[in-house]
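Survey of secondary and tertiary structure
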Amino acid sequence: MSTTSTTEDALGDWKQWHAQRVETVSAPYGPLSLTGTHWLADHPDGALPGLPGRWAEDGDEVVLTAGPDDGLTLDGRPFSGTARLTADPGPVTAARLALGERRLVVLRREGLWAVRDFDPGAPARRAFTGIEATAHDPRFAVEGRFTPYGEDRTVRVSNADGVERGLGLGGELAFRLAGQDHTLQVSVEADGSLWAVFADATSGGSSYRFRFLRPAAPGADGRVTVDFNRALLPPCAFADHFICPFPPPGNTLPVEIAAGERNVSLR
């Protein structure tokens, strides 16, 4: 296969990936629809902004009390009385609680409970026109090597909401780009794939202040493709109510990664 046809195939695959990303983020319950993340600890009276009912923490559960006029449904049925809830593990569409078309997702992070409010009519979703992204450039797809730490590590990093939280790290991803050697600290997902939170010389300028990278699971020898053409905007680029982690120490690259998703376009 010629170099030209290989490049054309890579560009075609990238265009398909980009179109799917735009469709995913603009879906009725995609990240653009998040209108609030309400931490119960911030509302000891049990009243969450814009939500009916009374909410309370009780150990490993959230206790919700609501009346018949509150308009809530639980598991698809009108709800009144008291319910004991745990964190919603699946997609937003599978959330047990709803308020009309809105979906209320129960969330737990580091022992704290929150309720997220996803509204298909969110202003950000209505204003969305696309994702600014740079078309596939083969210079930004390079071979890397993953080296596991041998034990899980956790570092404390600031999050988009100003709170410091733990970020689990499983190893180091080394690669060469633009004539320089680089490394990223990465997390290892349940399926073996990698996840990096990184910034670069374009961050906060021509690109969002930080981005995500999700390489596939490395081979047995640790080899893996590091493709910045598929650098992702974090959820907090689409809605301020996400609590995305900032890059850990060492994950700010000194080069310009003029590739992948760069910014959100709004009308």
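Here goes a summary of the coordinates provided.

The rules behind these values
Residues numbered from 1 in each chain as written. Predicted model: local features only at pLDDT ≥ 70, side-chain atom pairs only at ≥ 80, totals over all residues. Heavy atoms only, no water. Pairing = 2+ DSSP bridges. Helix = DSSP H or I, 4+ residues; strand = E, 2+ residues; numbered from the N terminus. Core = buried A, V, L, I, M, F, W, Y, C linked by side-chain atoms within 4.5 Å. Buried < 20%, exposed > 50% of the residue type's maximum accessible area, 1.4 Å probe, protein only. Contact = heavy atoms within 4.5 Å. Axes fitted to C-alpha atoms, helices over the stretch in contact; angles between N-to-C directions. Phe/Tyr/Trp six-rings, centres within 6.5 Å; stacked < 30°, edge-to-face > 60°. Lys NZ or Arg CZ within 6 Å of the ring centre and 35° of its normal. Salt bridge = Lys/Arg side-chain N within 4 Å of Asp/Glu carboxyl O.

What follows covers the sheet that holds strand E4 (residues 72-74). Reading across the sheet, the six strands line up as E1-E9-E8-E7-E4-E5 and stay open at both edges, with antiparallel pairing between neighbours. Strands with a single pairing partner mark the edges of an open sheet, and in this sheet they are strand E1 (34-39) and strand E5 (77-78). Where E1 meets strand E9 (residues 112-118), five bridges bridge the pair, whose relative direction is antiparallel. Within the sheet, the bridge partner assigned to Leu 34 lies in E9 and is Phe 118.

What follows deals with the nonpolar core. Phe 118, Phe 128, Phe 210, Phe 212, Leu 233, Phe 238 and Phe 242 are the most contacted members of the largest nonpolar core, which has 31 residues in total. Broken down by secondary-structure element, the contributors of at least two residues to this core are helix H1 (3-25), strand E10 (128-134), strand E11 (141-158), strand E12 (164-177) and strand E14 (194-198). Top contributing element to this core by residue count: H1, with three residues. Aside from chain neighbours lying at most four places away, what touches Leu 233 is Arg 21, Ile 131, Tyr 208, Arg 211, Phe 238, Glu 261, Arg 262, Asn 263 and Val 264. Judged by nonpolar contacts, the second largest core, of 20 residues, contains Val 224, Phe 228, Leu 253 and Ile 257.

Judged by pairing direction, the sheet is antiparallel, and its three strands sit side by side in the order E2-E3-E6 without closing on themselves. In this open sheet, the two edge strands, each paired with only one partner strand, are strand E2 (54-58) and strand E6 (81-85). Strand after strand, the sheet turns through a mean of 20° between neighbouring axes, direction not considered. As judged from the five bridges shared by strand E3 (residues 61-66) and E6, these two strands associate in the antiparallel manner.

With that out of the way, let us pick up the packing of aromatic side chains. Applying the stated criterion across every chain, the model contains seven aromatic pairs. With a centroid separation of 5.2 Å and 85° between ring planes, the pair formed by Trp 195 and Phe 212 is classed as edge-to-face. With Trp 195 in strand E14 and Phe 212 in strand E15 (residues 211-213), this pair connects stretches of sequence that are 17 residues apart. You can call Trp 195 buried: its relative accessible area is 14%. Following the ring pairs from residue to residue traces out a cluster consisting of Trp 195, Tyr 208, Phe 210, Phe 212 and Phe 246. Against the face of Tyr 149 rests Arg 153, its NZ or CZ located 3.7 Å from the ring centre.

This structure, assessed with the given rule, holds 14 salt bridges. Put simply, Glu 61 and Arg 84 hold a salt bridge, and the shortest N to O gap is 2.6 Å. Taken together, the positions of Glu 61 in strand E3 and Arg 84 in strand E6 put the pair 23 residues apart, joining distant regions of the chain. Take Glu 61: its relative accessible area is 25%, and that puts it in the partly exposed class. Ionic pairing is found between Asp 161 and Arg 165, a salt bridge with its closest N-O pair at 2.8 Å.

Although it is not a glycine, Glu 110 sits at a positive phi angle of roughly 50°. Within the secondary structure layout, Glu 110 lies in the loop between strand E8 (102-109) and E9. Here Ala 178, not a glycine, exhibits a phi torsion of approximately 55°, which is positive. Checked against the element boundaries, Ala 178 lands in the loop between E12 and strand E13 (180-188).

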